[in-house]
Amino acid sequence: MDKIRGVEMVRPEDVRDLGHFLQERLERVAAIMELLLARGWNCRGTRQAIILDGEDLEAHEVKELLLEQGFQPCEFEIKLDYTRKWGIM
(Lines give C-alpha, C1' and ligand atoms only; values in the text may rest on other atoms or scores of the structure.)
Protein backbone atom coordinates (compact mmCIF):
# COMPACT_ATOMS: atom_id res chain seq x y z
CA MET A 1 0.00 0.00 0.00
CA ASP A 2 2.91 2.34 0.71
CA LYS A 3 4.00 2.02 -2.93
CA ILE A 4 0.63 3.41 -4.07
CA ARG A 5 -0.60 5.84 -1.45
CA GLY A 6 0.96 9.28 -1.44
CA VAL A 7 3.58 8.66 -4.11
CA GLU A 8 4.20 10.68 -7.22
CA MET A 9 4.26 7.77 -9.65
CA VAL A 10 2.50 4.43 -9.33
CA ARG A 11 3.66 1.59 -11.54
CA PRO A 12 1.44 -1.22 -12.84
CA GLU A 13 3.58 -3.78 -10.98
CA ASP A 14 2.91 -1.89 -7.73
CA VAL A 15 -0.82 -2.38 -8.25
CA ARG A 16 -0.29 -6.05 -9.12
CA ASP A 17 1.85 -6.55 -6.00
CA LEU A 18 -0.91 -5.03 -3.89
CA GLY A 19 -3.42 -7.35 -5.56
CA HIS A 20 -1.30 -10.41 -4.71
CA PHE A 21 -0.91 -9.24 -1.10
CA LEU A 22 -4.67 -8.65 -0.75
CA GLN A 23 -5.48 -12.02 -2.33
CA GLU A 24 -3.23 -13.85 0.16
CA ARG A 25 -4.57 -11.83 3.10
CA LEU A 26 -8.22 -12.38 2.16
CA GLU A 27 -7.56 -16.10 1.71
CA ARG A 28 -6.27 -16.18 5.31
CA VAL A 29 -9.35 -14.29 6.52
CA ALA A 30 -11.60 -16.80 4.73
CA ALA A 31 -9.72 -19.68 6.40
CA ILE A 32 -10.30 -18.16 9.86
CA MET A 33 -13.97 -17.72 8.97
CA GLU A 34 -14.30 -21.36 7.89
CA LEU A 35 -12.68 -22.56 11.10
CA LEU A 36 -14.99 -20.59 13.39
CA LEU A 37 -18.16 -20.93 11.29
CA ALA A 38 -17.70 -24.72 11.51
CA ARG A 39 -17.99 -24.31 15.29
CA GLY A 40 -21.31 -22.52 14.92
CA TRP A 41 -20.07 -18.95 15.18
CA ASN A 42 -21.86 -16.05 13.48
CA CYS A 43 -20.25 -13.78 10.92
CA ARG A 44 -21.10 -10.25 9.84
CA GLY A 45 -19.32 -7.58 7.89
CA THR A 46 -18.84 -3.88 8.49
CA ARG A 47 -17.15 -1.29 6.33
CA GLN A 48 -13.82 -1.96 8.02
CA ALA A 49 -13.95 -5.50 9.37
CA ILE A 50 -15.34 -8.98 9.29
CA ILE A 51 -16.64 -9.83 12.74
CA LEU A 52 -17.08 -13.35 14.03
CA ASP A 53 -18.77 -14.02 17.34
CA GLY A 54 -19.61 -17.08 19.34
CA GLU A 55 -20.19 -18.25 22.87
CA ASP A 56 -18.62 -21.70 22.97
CA LEU A 57 -14.98 -20.64 23.48
CA GLU A 58 -13.17 -18.39 25.91
CA ALA A 59 -10.85 -15.76 24.44
CA HIS A 60 -7.71 -17.73 25.29
CA GLU A 61 -9.22 -20.82 23.64
CA VAL A 62 -9.90 -18.91 20.42
CA LYS A 63 -6.33 -17.62 20.43
CA GLU A 64 -4.92 -21.10 21.05
CA LEU A 65 -7.10 -22.58 18.28
CA LEU A 66 -5.99 -19.98 15.74
CA LEU A 67 -2.31 -20.29 16.70
CA GLU A 68 -2.53 -24.12 16.49
CA GLN A 69 -3.91 -23.74 12.95
CA GLY A 70 -0.88 -21.67 11.93
CA PHE A 71 -2.32 -18.16 12.12
CA GLN A 72 -0.09 -15.39 13.43
CA PRO A 73 -1.21 -13.02 16.22
CA CYS A 74 -1.04 -10.10 13.76
CA GLU A 75 -3.73 -11.78 11.62
CA PHE A 76 -6.56 -11.52 14.14
CA GLU A 77 -7.87 -9.39 16.97
CA ILE A 78 -9.90 -10.75 19.88
CA LYS A 79 -12.36 -8.53 21.72
CA LEU A 80 -14.51 -9.59 24.65
CA ASP A 81 -18.03 -8.60 25.61
CA TYR A 82 -19.28 -9.81 28.97
CA THR A 83 -22.84 -9.55 30.23
CA ARG A 84 -23.62 -10.32 33.84
CA LYS A 85 -26.62 -12.57 34.20
CA TRP A 86 -27.51 -11.29 37.68
CA GLY A 87 -26.41 -8.84 40.32
CA ILE A 88 -24.76 -5.46 40.13
CA MET A 89 -21.12 -4.77 39.37
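Provided above is the structure to which this section pertains.
Residues numbered from 1 in each chain as written. Predicted model: local features only at pLDDT ≥ 70, side-chain atom pairs only at ≥ 80, totals over all residues. Heavy atoms only, no water.

Visitor: Go over the environment of G6 with me, naming the residues and quoting the values.
Guide: By the element assignment, G6 lies in the segment before α1 (12–37). Taking the relative accessible area as the measure of exposure, G6 reaches 82% and is therefore exposed. (Helix = DSSP H or I, 4+ residues; strand = E, 2+ residues; numbered from the N terminus. Buried < 20%, exposed > 50% of the residue type's maximum accessible area, 1.4 Å probe, protein only.)

Visitor: Please set out α1 residue by residue, giving values where relevant.
Guide: The first and last C-alpha atoms of α1 sit 37 Å apart over 26 residues, in line with the 38 Å expected at 1.5 Å per residue. Of the residues making up α1, those classed as buried are D14, L18, V29, I32, M33 and L36. In this structure, the buried side of α1 is in contact with β1 (42–45), β2 (50–53) and α2 (59–68). (Expected span 1.5 Å × (residues − 1). Contact = heavy atoms within 4.5 Å.)

Visitor: Please set out α2 residue by residue, giving values where relevant.
Guide: Of all the residues in α2, the buried ones are V62, L65 and L66. Take α2 and look down its axis: the buried residues cluster within an arc of 95°, on one side only. The secondary structure elements touched by the buried residues of α2 are α1. G70 sits one or two positions beyond α2 and adopts a positive phi of about 95°. (Arc of directions from axis to C-beta.)

Visitor: Requested: an account of the pattern of salt bridges, with residues and values cited.
Guide: Counted under the stated rule, the structure contains six salt bridges. As a salt-bridge pair, R11 and D14 come within 2.8 Å of each other at their nearest N and O atoms. We classify R11 as partly exposed; its relative accessible area is 38%. One salt bridge in this structure joins R39 and D56, with 3.1 Å as the shortest N-O distance. With R39 in the loop between α1 and β1 and D56 in the loop between β2 and α2, this residue pair connects regions lying 17 residues apart in the sequence. We classify D56 as partly exposed; its relative accessible area is 38%. One connected set of salt bridges, linked through shared partners, spans R11, E13 and D14. (Salt bridge = Lys/Arg side-chain N within 4 Å of Asp/Glu carboxyl O.)

This is a description of form; function is not addressed.
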